[in-house]
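The lines below spell out each chain.
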Amino acid sequence: MNKEKVFQMSFPKVYECLVAKAERKGRTKAEVDQILMWIKGYDEPFLKRLLEQNISYEQFLKQAPHMNLDRFKVKGVICKVRIEEIEDPMMKDIRIIDKMVDELAKGKTMEKILRK
């Protein structure tokens, strides 16, 4: 999928998929929220408002109040692409989110996922 299509996807739809992936493995929406808030610096009320506004994934990524620099500690392969080699900053953040939700679905603790 080209990056322009990914950026234009509805954030609420992407969010729905992330939550569904976690819930299929016995994890929770609250844990997905915690990951998104940790990466992007959103608080819970603001995240909820973004979901109600039906913004694009690109808008979600660009509106972040505080980008957590520890997100760059996330390493590995997602969708056959090594995260460390992704040059586009927004695409890198998308893959970091994907990787962290994958780790959640695989049963890792939130402490390990959030690199604490």
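Check the entry above for the structure.
Residues numbered from 1 in each chain as written. Predicted model: local features only at pLDDT ≥ 70, side-chain atom pairs only at ≥ 80, totals over all residues. Heavy atoms only, no water.

A. Seen up close, the overall build of the protein. Counting its secondary structure elements, the protein contains seven helices and two strands. Starting at the N terminus and ending at the C terminus, the protein contains elements arranged as α-α-α-α-α-β-β-α-α. On C-alpha atoms alone, the protein measures out to a radius of gyration of 13 Å, which is about the 13 Å that the 2.2 N^0.38 rule sets for 116 residues. A principal-axis box enclosing the C-alpha atoms of the protein has dimensions of 30 × 30 × 25 Å. Taken across its 116 residues, the protein has 47% of its residues classed as buried. (Helix = DSSP H or I, 4+ residues; strand = E, 2+ residues; numbered from the N terminus. Rg over C-alpha atoms; globule rule 2.2 N^0.38 Å. Buried < 20%, exposed > 50% of the residue type's maximum accessible area, 1.4 Å probe, protein only.)

B. A look at the nonpolar core. Counting 36 residues, the largest nonpolar core has Phe11, Val32, Ile35, Tyr57, Phe60, Ile97 and Met100 as its most contacted members. Breaking this core down by element, the ones donating at least two residues are α1 (3–8), α2 (11–24), α3 (29–40), α4 (44–53), α5 (57–62), α6 (89–105) and α7 (110–113). Tallying contributions element by element places α6 first for this core, with eight residues. (Core = buried A, V, L, I, M, F, W, Y, C linked by side-chain atoms within 4.5 Å.)

C. Quick look at the pattern of salt bridges. Enumeration according to the criterion identifies ten salt bridges in this entry. As a salt-bridge pair, arginine 82 and glutamate 84 come within 3.3 Å of each other at their nearest N and O atoms. Residue classification places glutamate 84 among the partly exposed residues on the basis of a relative accessible area of 34%. When salt bridges with common partners are traced through the structure, they connect Lys40, Arg71 and Asp93 into a single cluster. (Salt bridge = Lys/Arg side-chain N within 4 Å of Asp/Glu carboxyl O.)

D. The arrangement of the packing of aromatic side chains in detail. Counted according to the given criterion, the structure contains six aromatic pairs. Each ring, one from phenylalanine 11 and one from tyrosine 15, has its centre 6.0 Å from the other, and the planes form 50 degrees; the classification is tilted. Residue phenylalanine 11 and its partner tyrosine 15 are located together in helix α2, separated by four residues, close to a single helical turn. When its relative accessible area of 0% is taken as the criterion, phenylalanine 11 is described as buried. Between phenylalanine 11 and tyrosine 57, the ring centres sit 6.0 Å apart and the planes meet at 25 degrees, which makes this aromatic pair stacked. One end of the pair, phenylalanine 11, is in helix α2; the other, tyrosine 57, is in helix α5, with 46 residues separating them in the sequence. Both residues of the pair, phenylalanine 11 and tyrosine 57, belong to the buried class. (Phe/Tyr/Trp six-rings, centres within 6.5 Å; stacked < 30°, edge-to-face > 60°.)

Read these as spatial facts, not as claims about activity.
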